[in-house]
Amino acid sequence: MHRTSTLLALGALLALGTALPALADDLVKVSYGTNWLAEAEHGGFYQAVADGTYKKYGLDVTIVQGGPQAANEALLISGKIDFYMGGQFSIFDNIKQGIPVLNVAAMFQKDPQILMTHKGVGMDTFADIAKADTIFMGKDVFVTDFVWMKANFKGFHDEQYKPYTFNPAPFIADKMSAQQGYLTSEPLAVKNAMGEEPNVFLFADNGYAPYSTTIETTTAMVKDKPDIVQKFVDASIIGWYNYLYGDNKAANDLIKKDNPEMTDEQLAFSLDQMKSHGILVSGDAETKGIGCMTDDRQKSFYDMLVGLKIVDAGIDYKAGYTTQFVCKGVGMDLVKK
């Protein structure tokens, strides 16, 4: 077809209102900062990049990888990135400090935080961990999760605490110790190092259950560009369904490109743990879709923290999140059980 004919045909299509594919220049550039190096726990976001879901929603998304030296939440607050991978607990600090950010979705219904013990030493339930001589924990766990443990189970005491340095060797060497970890990570490292699986206890299954892997953005973004927020949330949700239940090879390739130390074994293990323990699809997400947050659950967790004196009673916890973008059943048709 001659160039003139092509232009005439294009003009006819436009006159008829026929939709044309979005051009790259038409996409809205959006950035999302993760909270750690690329891993399967970020898989849904990488999936939405890899399979074009974000582009289908009119977004050109750049994932800004987190890590030990990254300060992605600070980049969100300063306007350098548009969204950040936050958590439910952090919103209370943000409210207290007057930082204008909101959680707009919670991809993980269950926080993957765990405690591990050795098999065959009498610590086979969560309550049994009170028998441990030592519990290796990070400071953040010691001042939150451990406060809850002491209040709800007999026998836990501060003298059990030793700092966790992200090295499992001390735990492996001490049969009467316990160690914090991430469901999707440390159990595999310990199994590979000592030749047997540890006992694994998920905090979320034992009563301490914050949301995790949230999508956090500024209040200005929610107010001024709610359509962009909705598109990013919806496309991310679909990305997660496709990562969990579809072909995720391209997403894993992107993860390994960003984080060359990531292995196929680790990716497969993490995916299996997320699915088998209902990290994303459980609770409200089973009927309302991945990403769902509810006022009832937000209030319940806030009330518990106030009761434990971890959070001040006067905080307006509702100022830290909005449910307007979630619980709409987006992507549920993609579930394959």
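Residues numbered from 1 in each chain as written. Predicted model: local features only at pLDDT ≥ 70, side-chain atom pairs only at ≥ 80, totals over all residues. Heavy atoms only, no water.

Re the packing of aromatic side chains
Here a ring pair, both rings aromatic, is described through the centre-centre distance and the interplanar angle of the planes.
Piece 1. Under the defined criterion, the tally for this structure stands at 25 aromatic pairs.
Piece 2. Ring geometry for Tyr-317 versus Tyr-321: centroids 6.4 Å apart, planes at 20 degrees, classification stacked. We note that Tyr-317, like Tyr-321, is buried.
Piece 3. Through successive ring pairs, a cluster of aromatic residues spans Phe-126, Phe-142, Phe-146, Trp-148, Phe-153, Phe-156, Tyr-161, Phe-203, Tyr-208 and Phe-301.
Piece 4. Seen from the ring of Tyr-211, Arg-297 lies directly overhead, with NZ or CZ sitting 4.1 Å from the centre. (Phe/Tyr/Trp six-rings, centres within 6.5 Å; stacked < 30°, edge-to-face > 60°. Buried < 20%, exposed > 50% of the residue type's maximum accessible area, 1.4 Å probe, protein only. Lys NZ or Arg CZ within 6 Å of the ring centre and 35° of its normal.)

Focus: the confidence of the model for the chain
Piece 1. When pLDDT is averaged across the chain, the result is 92; 92% of the residues are at 70 or more.
Piece 2. Counting contacts from residues 1-21, a segment whose pLDDT is below 50, to residues more than four positions away or on other chains yields five contacts. (pLDDT = per-residue confidence, 0-100. Contact = heavy atoms within 4.5 Å.)

Structural notes on the side chain of Lys-110
Piece 1. Checked against the element boundaries, Lys-110 lands in the loop between β4 (101-108) and β5 (113-117).
Piece 2. Only 2.9 Å separates the side chain of Lys-110 from the side chain of Asp-205, close enough to count as a polar contact.
Piece 3. Side-chain polar atoms of Lys-110 contact the backbone oxygen of His-277, separated by 2.9 Å. (Helix = DSSP H or I, 4+ residues; strand = E, 2+ residues; numbered from the N terminus. Polar contact = N/O pair within 3.5 Å; in protein donor to acceptor, adjacent residues only side chain to side chain.)

Regarding the packing of helix α11 (residues 226-245) against helix α13 (residues 264-276)
The packing of two helices is summarised by the inter-axis angle and the distance between the axes.
Piece 1. Running from amino to carboxyl end, α11 crosses α13 at an angle of 110 degrees, the nearest separation of the two axes being 10 Å. Judged by the inter-axis angle, α11 sits roughly perpendicular to α13. Once α11 is placed against α13, the crossing between them reads as left-handed. Packed against α11, whose contacting residues are Trp-240, Tyr-243, Leu-244 and Tyr-245, the element α13 presents Leu-267, Leu-271, Met-274 and Lys-275 at the interface.
Piece 2. For the contact of α11 with α13, the residue count by class is seven nonpolar, no polar and one charged. (Axes fitted to C-alpha atoms, helices over the stretch in contact; angles between N-to-C directions. Parallel < 35°, antiparallel > 145°, perpendicular 65-115°, else oblique. Left-handed = near helix turned anticlockwise from the far one by under 90°. Nonpolar A, V, L, I, M, F, W, Y, C, P; charged D, E, K, R; others polar.)

So, the pairing of strand β6 (residues 134-137)
Piece 1. Side chains Thr-134 and Phe-136 of β6 all project onto a buried face; the interleaved residues Ile-135 and Met-137 project onto the opposite face, where all are buried too.
Piece 2. The sheet contact formed by β6 and strand β8 (residues 177-182) spans three bridges and is parallel. The residue bridging Ile-135 from the neighbouring strand is Ala-178, located in β8.
Piece 3. Note: β6 against strand β7 (residues 161-163), three bridges, orientation parallel. Its bridge partner being in β7, Ile-135 is matched across the sheet by Tyr-161. (Pairing = 2+ DSSP bridges.)

Concerning the packing of helix α9 (residues 186-194) against α13
Piece 1. Between α9 and α13, the shortest axis-to-axis distance is 10 Å and the interhelical angle comes to 125 degrees. Classified by the angle between their axes, α9 and α13 sit oblique to one another. In this structure, α9 crosses over α13, and the sense of that crossing is right-handed. For the pair α9 and α13, contact is made by Pro-187, Leu-188 and Asn-192 and by Glu-265, Gln-266 and Phe-269, respectively.
Piece 2. Considering only residue class, the contact of α9 with α13 consists of three nonpolar, two polar and one charged.

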